[in-house]
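# Summary of the model geometry
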Amino acid sequence: MSNTPDGLKYAKTHEWIKDNGDGTVTVGISDHAQELLGDLVFVELPEAGSDIAAGDEIAVVESVKAASDIYSPLSGKILGINEVLNDAPESINDSPYEDGWLFTLKITDKSELDALMDADAYTKHAQDEEH
Amino acid sequence: MPFIPHTEEDVNRMLSSIGVDSIESLFDEIPEDLKCGDLDAIPAGMSEMEITVLMHQRAAADGQPDCFIGAGAYDHHIPAAVWELATRGEFYTAYTPYQAEASQGTLQLLYEYQSMMTALTGMDVSNASLYDGASAAAESILMAVRANRKSKSRRVLLPRSLHPAYRKTVQTIVQHQKIDLIELPFDTTSGKTDLDALDNYSGDDITALVIPQPNFFGALEDVDALTNWAMSNGAISIAVVNPLALSILKPPGEWGDEGVDICCGEGQPLGIPLSSGGPYLGFMCCRQQHVRQMPGRIIGATEDLDGKRGYSLTLQAREQHIRRSKATSNICTNQGLMVTAATIYMALLGGEGMAHTAAAAHANTGKLVEKLCSIDGVDTLFSSPVFHERVLKINASPKNVLRSLAAHNLLGGYDLGAEYPELGDAILVCATEKRTEQQIESFRDKLDRIMNRQAKCPVTPKFDQP
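Residues numbered from 1 in each chain as written. Chains lettered and ligands numbered in written order. Predicted model: local features only at pLDDT ≥ 70, side-chain atom pairs only at ≥ 80, totals over all residues.

## Quick notes on the overall build of chain B
For chain B, the count of helices and strands is twelve helices and 15 strands. Over its C-alpha atoms chain B spans a radius of gyration of 25 Å, differing by no more than 12% from the 23 Å that the globule rule assigns to 466 residues. In terms of overall dimensions, chain B has a C-alpha envelope of 80 × 60 × 50 Å along the principal axes. Per-residue burial for chain B yields a buried fraction of 43% across its 466 residues. Across chain B, every contact between residues at least 6 apart in sequence was considered, and the portion connecting residues at least 24 apart equals 76%. (Helix = DSSP H or I, 4+ residues; strand = E, 2+ residues; numbered from the N terminus. Rg over C-alpha atoms; globule rule 2.2 N^0.38 Å. Buried ≥ 20, exposed ≤ 12 C-beta atoms within 10 Å, placed from the backbone. Contact = placed C-beta atoms within 7 Å.)

## Observations regarding the overall build of chain A
Secondary structure summary: chain A contains five helices and nine strands in total. Each helix and strand of chain A, placed in order from N terminus to C terminus, yields the pattern β-β-β-α-β-β-β-β-β-α-α-β-α-α. Relative to a compact globule of 131 residues, whose C-alpha radius of gyration would be 14 Å, chain A shows 14 Å and is just as compact. Each of the three principal axes of chain A carries a C-alpha extent, and together these read 35 × 35 × 20 Å. Within chain A, the proportion of its 131 residues that are buried is 37%.

## Considerations on the interface of chain A and chain B
Each partner contributes to the interface: chain A provides six residues, whereas chain B provides six residues. In terms of residue class, the side of chain A that touches chain B is made up of three nonpolar, no polar and three charged. (Nonpolar A, V, L, I, M, F, W, Y, C, P; charged D, E, K, R; others polar.)

## Digging into helix H1 (residues 8–18) of chain B
A small share of H1 of chain B lies buried, amounting to zero of its eleven residues. Gly 19 of chain B sits one or two residues past H1 of chain B and shows a positive phi near 75°.

## Comments concerning the sheet that holds strand E2 (residues 15–19) of chain A
Read from one edge to the other, the open sheet built from six strands follows the order E1-E2-E3-E9-E8-E5 (chain A), with strand pairing classed as antiparallel. Lying at the two open borders of the sheet, with one neighbouring strand each, are strand E1 (9–10) and strand E5 (51–52) of chain A. (Pairing = 2+ DSSP bridges.)

## Observations regarding the pairing of strand E8 (residues 76–81) of chain A
Residues and elements named next belong to chain A. Here E5 runs beside E8; their pairing, made up of two bridges, is antiparallel. Looking across to E8, one finds that Asp 51 is bridged to Lys 77. Two strands pair when backbone bridges link them, and E8 and strand E9 (residues 103–107) are joined in this way by five bridges, in the antiparallel orientation. The residue bridging Gly 80 from the neighbouring strand is Thr 104, located in E9.

## Looking at the nonpolar core
Residues and elements named next belong to chain B. The biggest cluster of nonpolar side chains holds 117 residues, and the ones touching the most others in it are Ile 141, Leu 209 and Ile 238. Looking at this core element by element, the count peaks at 14 residues for helix H10 (residues 336–372). Once residues within four sequence positions are removed from consideration, Ile 238 is found in contact with Ser 140, Ile 141, Ala 144, Ala 208, Leu 209, Val 210, Ile 211, Val 260, Asp 261, Ile 262 and Cys 264. (Core = buried A, V, L, I, M, F, W, Y, C linked by C-beta atoms within 7 Å.)

## Details of the sheet that holds strand E7 (residues 67–71) of chain A
All names here are of chain A. With antiparallel pairing, three strands are arranged side by side in an open sheet as E4-E6-E7. A strand with exactly one partner marks an edge of an open sheet, and here the two such strands are strand E4 (40–44) and E7. Adjacent strand axes in the sheet meet at a mean angle of 25° when their direction is disregarded. Pairing between E4 and strand E6 (residues 57–63): four bridges, direction antiparallel. (Axes fitted to C-alpha atoms, helices over the stretch in contact; angles between N-to-C directions.)

## With respect to the pairing of strand E4 (residues 180–184) of chain B
Residues and elements named next belong to chain B. Direction of pairing for strand E3 (residues 155–159) relative to E4: parallel, over a ladder of five bridges. The residue of E4 that forms the bridge with Arg 155 is Asp 180. With respect to chirality, the unit in which E3 leads through helix H6 (residues 164–174) into the neighbouring parallel E4 is right-handed. (Right-handed = clockwise from strand over helix to strand, strands pointing away.)

## What about the packing of helix H5 (residues 133–147) of chain B against H6 of chain B?
All names here are of chain B. Between H5 and H6, whose axes approach to 8 Å, the crossing angle comes to 50°. Considering their axes alone, H5 and H6 lie oblique with respect to each other. Note that H5 runs across H6; the crossing there is right-handed. Mapping the contact onto sequence places Gly 133, Ala 134, Ser 135, Ala 137, Ala 138, Ile 141 and Leu 142 in H5 and Ala 165, Tyr 166, Thr 169, Val 170, Ile 173 and Val 174 in H6. Here the residues of the contact of H5 with H6 sort into ten nonpolar, three polar and no charged. (Parallel < 35°, antiparallel > 145°, perpendicular 65-115°, else oblique. Left-handed = near helix turned anticlockwise from the far one by under 90°.)

## Regarding helix H2 (residues 48–62) of chain B
Here H2 of chain B is 15 residues long and its end C-alpha atoms lie 21 Å apart, about the 21 Å a rise of 1.5 Å per residue gives. Little of H2 of chain B sits inside the fold, with zero of its 15 residues counted as buried. (Expected span 1.5 Å × (residues − 1).)

## Examining the domain arrangement of chain B
Residues and elements named next belong to chain B. By domain assignment, chain B separates into domain 1 (80–345) and domain 2 (351–457). Placing the centre of domain 1 and that of domain 2 at their C-alpha centroids yields a distance of 29 Å. Across the contact, 15 residues belong to domain 1 and 18 residues belong to domain 2. (Domains from an automatic or database assignment.)

## Structural notes on the environment of Ala 48 of chain A
Residue and element names in this part refer to chain A. With respect to the element layout, Ala 48 can be found in the loop between E4 and E5. Classification of Ala 48 as partly exposed rests on a count of 13 C-beta atoms within 10 Å. As for Ala 48 and Leu 105, which are separated by 57 residues in sequence, their C-alpha atoms are 9.1 Å apart. If near-sequence neighbours (up to four positions away) are discounted, Ala 48 is found in contact with Ile 78, Leu 79, Gly 80 and Ile 81.

## Some thoughts on the environment of Leu 337 of chain B
For Leu 337 of chain B, the location among the structural elements is in helix H10. Sequence separation of Leu 337 of chain B and Thr 87 of chain B is 250 residues, and the distance between their C-alpha atoms is 8.2 Å.

## What about the packing of helix H4 (residues 104–121) of chain B against H10 of chain B?
In a pair of packed helices, the angle between the axes and the distance between the axes together describe the arrangement. Residue and element names in this part refer to chain B. At their nearest, the axes of H4 and H10 sit 9 Å apart, and the two run at 60° to each other. Our classification of the angle between H4 and H10 gives oblique. Between H4 and H10 the crossing geometry is left-handed. Contacts between H4 and H10 involve Leu 109, Leu 110, Glu 112, Tyr 113 and Met 116 from the first element and Val 339, Thr 340, Ala 342, Thr 343 and Met 346 from the second. Each residue belonging to the contact of H4 with H10 can be placed in one class, and the counts come to seven nonpolar, two polar and one charged.

## Re unusual backbone geometry
All names here are of chain B. Note that the residue after Gln 213, namely Pro 214, is joined by a cis bond; omega there is -15°. Within the secondary structure, Pro 214 is located in the loop between strand E5 (208–213) and helix H8 (223–232). For the bond from Gly 278 to Pro 279, the omega torsion is 0°, close enough to zero to count as cis. Considering the arrangement of structural elements, one finds Pro 279 in the loop between strand E7 (262–266) and strand E8 (282–286).

What follows is the structure, encoded as structure tokens:
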């Protein structure tokens, strides 16, 4: 069973969101998502400084099986991207919640954050999707 | 195994199992007005005997004229071994076989093709081919727009000296992609892209610059200056090149200070017959850093479980069978059979053989131009050095002159009037390595007679009257 830590928020499209408490969040993909994708070989990250809306396609993760879009779970401005992934995309497989983070975001609408799922709801969502 | 394995009985059983009356009803959701209905323009079948007669008639209509037309497709010598080998059963398929376990020979050939193309262009990576040169140019522009994430304008500079058919194809393919194509004029003295006109865009947000080499007029562009301009203005540089010319010219990977980003072109000069305009072969190469944005297939070398070398399709995660509408391209048809011929052609000639061929074509065109310009009323139009084509200004109607030459079984060049009316009465001529001294001499004599006759004729020919 995949690891779904408490204390994080989750989106239906399998991103996790960590509230940094200062109006910014860190975003990555869940352990469940990386398991489904298989070995990642390339990550195309958004550009720091770009303004994005919730639901925008802003990154692509490419595994040996497929290239998949990453959707921004929230609206805001991209603050930083995880440059490590350019050379070590496998960090997402090895450490989806720590080393494999994708980008940080300064959010513009806190209510969007509240609308996301908690760990239990996401676990159920992921199970439902499989059936 | 039959190609379509379903018998009528199979089909009926499947239809009844899903509770549908006919195959047509599966397409109900397509609006009636979008269906093409009966294809009335396609005639009924013919017997083998009838088709043989028809094909003999068609072949006879082609004749065996002396060909002095280039304009994007070139009459080069093709060693007999090329198609003897390419049409062997082991290779004779129009598509890339996907299954590595069944197609090691074809995959190895494609891998070698890619290696040869990167050597020829001086680029890091080649794909396994595209449809043709014109669509490769369009695909390169789409790729540049994807790859240049710093640029937001989607404005692409397209020289007027690029092949007119390529410009039209590019227009057709990118027009609904919110890409703004801006035409760059050519200098009317040199025939090359006007660098002053280019400088008007310095400092603007330009996504990509297309650089033809040689350009449609045969002229050699200032590729170093153009490539450096693109680099210093944050634009992706796209070379559109004749692959044979690269055996004697500086490869695009070495243009300017850092080489171009993308290089594409038409592979027809590499062992593919003219055959009424196709099938041909598009090629595309790029820098390593852009490889994820490259459309099409790439064959990679790897090792199997026993440590033996093997080949397989790689970097296909962004192709249409996986990414559907989000694929890097949905028209990345692989011209497998043409690639096979081109690879055999390049392997047979080698770098040295290709350089000899290119140099012979260059020399022949030089001789041709010299001979033709000895005629009163014929002169070169542009001053730049050329590869194997040149624009001639003639003091007569190109249409009439070319028609008269054709009546003498000679294709005397390409009439530039329709595409470049600003050039006046001008034709584009080409003499590949196949043209003999005698053919060149005969062209001169015929053109001389025709020009003289037309100059002396007091009556305007009927077809010229408004």
